[in-house]
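# Survey of secondary and tertiary structure
The chain contents come next:
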Amino acid sequence: MMPALSVLICTRNRAGKLRRAVDSVLANSFSEFELIVVDQSTDGATSSALAAVDDSRLRYLHTNTVGVAISRNIAIRAARGRIVIFTDDDCVCDSEWLASIKAEFDSDPAALGVYGRVIPFGRRGETGWECVNEADGMICPAIMESTTRAVVDGPAIPHLVLGGGNNMSFRKEVFLEHGMFIESLGPGSRIGTGEDTEFSYRLLHHGCRLIYSPNPVVEHDNWLDRPGFARMMKVAMRVQAAVFGAYVLRGDRLAAVHLLRVAWNLSRDKLAIGSAAAGLFHFVTGLPWALRLCFTPPPFLKASEATRPLSVPETP
């Protein structure tokens, strides 16, 4: 039987957190799904951790490639479900997560994507500014705590209105019509992150209907101290300049306004990087990447791949 949903998790050398994420997905109340783990680990710990999972819905794919965007694309090609769902190996999924996602797609046939709520794992602090939660001197990024459902079918800044790659899902035809993830972006690439931001903005740029729902919930376990958060933000600012700069070069006004807003906040040292000079330096280093991205087409899912899994070695 073909699964209704394909859940995709990409991982590299985080066996403990991955096993927790896998267990949370397999414990969902909705059961008609497959769970594909694409492993880029350099040791056997992840394979060993999953070998003890006795569940036929789990598919384990090991690859010698490097980079989350590459890994996501491998998983997309291997997916058999008509709805493809992403979370990360440092997340814990609610037991109604999959049922809530499927309900959103069932309620709106025109919706091509559904994003869900992301809350910090283990502790709850203050949401002082965009997409982060702070507690006990630690900061958890990539948070989306809105409890208001939203339907977006035009240009918008993804991380502000939808969230990111740790809780997003799409009808598979999206990858046929609009392409997959650009493989020069994302963790493991030279630039460091941003594959989900670029992909989400691309869909909005083309007028795709995307839904944010507070009902599909995951917890994000990525608490950073302030120096660690500052290092992460330096990478993020480079990526903001690169991704949105590419759309500025295509004449996108919203992207231009967003970059001006980011630069203004950096000049006032508002983004916890450590200094205005450091923030603006990393922002400027992303601008040459914008030119490159402007002329980098995404890889597209082929029609044959949409109905037939990619031949990637599966390890029991």
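Residues numbered from 1 in each chain as written. Predicted model: local features only at pLDDT ≥ 70, side-chain atom pairs only at ≥ 80, totals over all residues. Heavy atoms only, no water.

What follows concerns the state of the cysteines. One pass over the full model with this rule turns up 0 disulfides. Free cysteine: Cys10, not disulfide-bonded; nearest cysteine sulfur from Cys91 at 12 Å. Free cysteine: Cys208, not disulfide-bonded; nearest cysteine sulfur from Cys294 at 19 Å. Looking at Cys208, the relative accessible area reads 5%, which means it is buried. (Disulfide = S-S within 2.5 Å. Buried < 20%, exposed > 50% of the residue type's maximum accessible area, 1.4 Å probe, protein only.)

All of the buried residues along helix α11 (residues 287–294) are Trp289, Ala290, Leu293 and Cys294. Taken end-on, α11 shows its buried residues confined to a sector of 140 degrees, consistent with a single buried face. Packed against the buried residues of α11 are α8 (226–249) and α10 (276–285). (Helix = DSSP H or I, 4+ residues; strand = E, 2+ residues; numbered from the N terminus. Arc of directions from axis to C-beta. Contact = heavy atoms within 4.5 Å.)

So, about the packing of helix α7 (residues 195–205) against α8. Contact geometry for α7 and α8: axes closest at 10 Å, N-to-C directions at 20 degrees. Of the possible angle classes, the one that applies to α7 and α8 is roughly parallel. α8 is crossed by α7, and the crossing has right-handed handedness. Contacts between α7 and α8 pair Thr197, Glu198, Tyr201, Arg202 and His205 from the former with Gln240, Val243, Phe244 and Tyr247 from the latter. Each residue belonging to the contact of α7 with α8 can be placed in one class, and the counts come to 4 nonpolar, 3 polar and 2 charged. (Axes fitted to C-alpha atoms, helices over the stretch in contact; angles between N-to-C directions. Parallel < 35°, antiparallel > 145°, perpendicular 65-115°, else oblique. Left-handed = near helix turned anticlockwise from the far one by under 90°. Nonpolar A, V, L, I, M, F, W, Y, C, P; charged D, E, K, R; others polar.)

So, on to the pairing of strand β3 (residues 58–62). Side-chain direction in a regular strand flips from residue to residue, so the side chains alternate between the two faces of the sheet. Of all the 5 residues making up β3, 4 are buried; the element is thus mostly covered by neighbouring parts of the structure. Pairing geometry for strand β2 (residues 33–39) and β3, over 5 bridges, is parallel. Following the sheet pairing, Asp39 is matched in β3 by His62. (Pairing = 2+ DSSP bridges.)

Turning next to helix α9 (residues 253–267). The first and last C-alpha atoms of α9 sit 21 Å apart over 15 residues, in line with the 21 Å expected at 1.5 Å per residue. Along α9, the residues that are buried comprise Ala255, His258, Leu259, Val262, Asn265 and Leu266. Mapping the buried residues of α9 onto a view down its axis gives an arc of 125 degrees, with all of them on the same face. Opposite the buried face of α9, at more than 90 degrees from it, the exposed residues are Arg253, Val257, Leu260 and Trp264. Summarising the contacts, the buried residues of α9 are in contact with α5 (158–161), α7, α8 and α10. For α9, the capping residue at the N-terminal end is Asp252, with a side-chain oxygen 3.0 Å from the backbone nitrogen of Leu254. (Expected span 1.5 Å × (residues − 1). Polar contact = N/O pair within 3.5 Å; in protein donor to acceptor, adjacent residues only side chain to side chain.)

Next up on the list: the environment of Trp289. Tracing the chain through its elements places Trp289 in helix α11. Residue class for Trp289 comes out buried when judged on its relative accessible area of 13%. Along the primary structure Trp289 and Ile191 are separated by 98 residues, whereas in three dimensions their C-alpha atoms are 8.4 Å apart. Aside from chain neighbours lying at most four places away, what touches Trp289 is Ser184, Arg190, Ile191 and Ala242.

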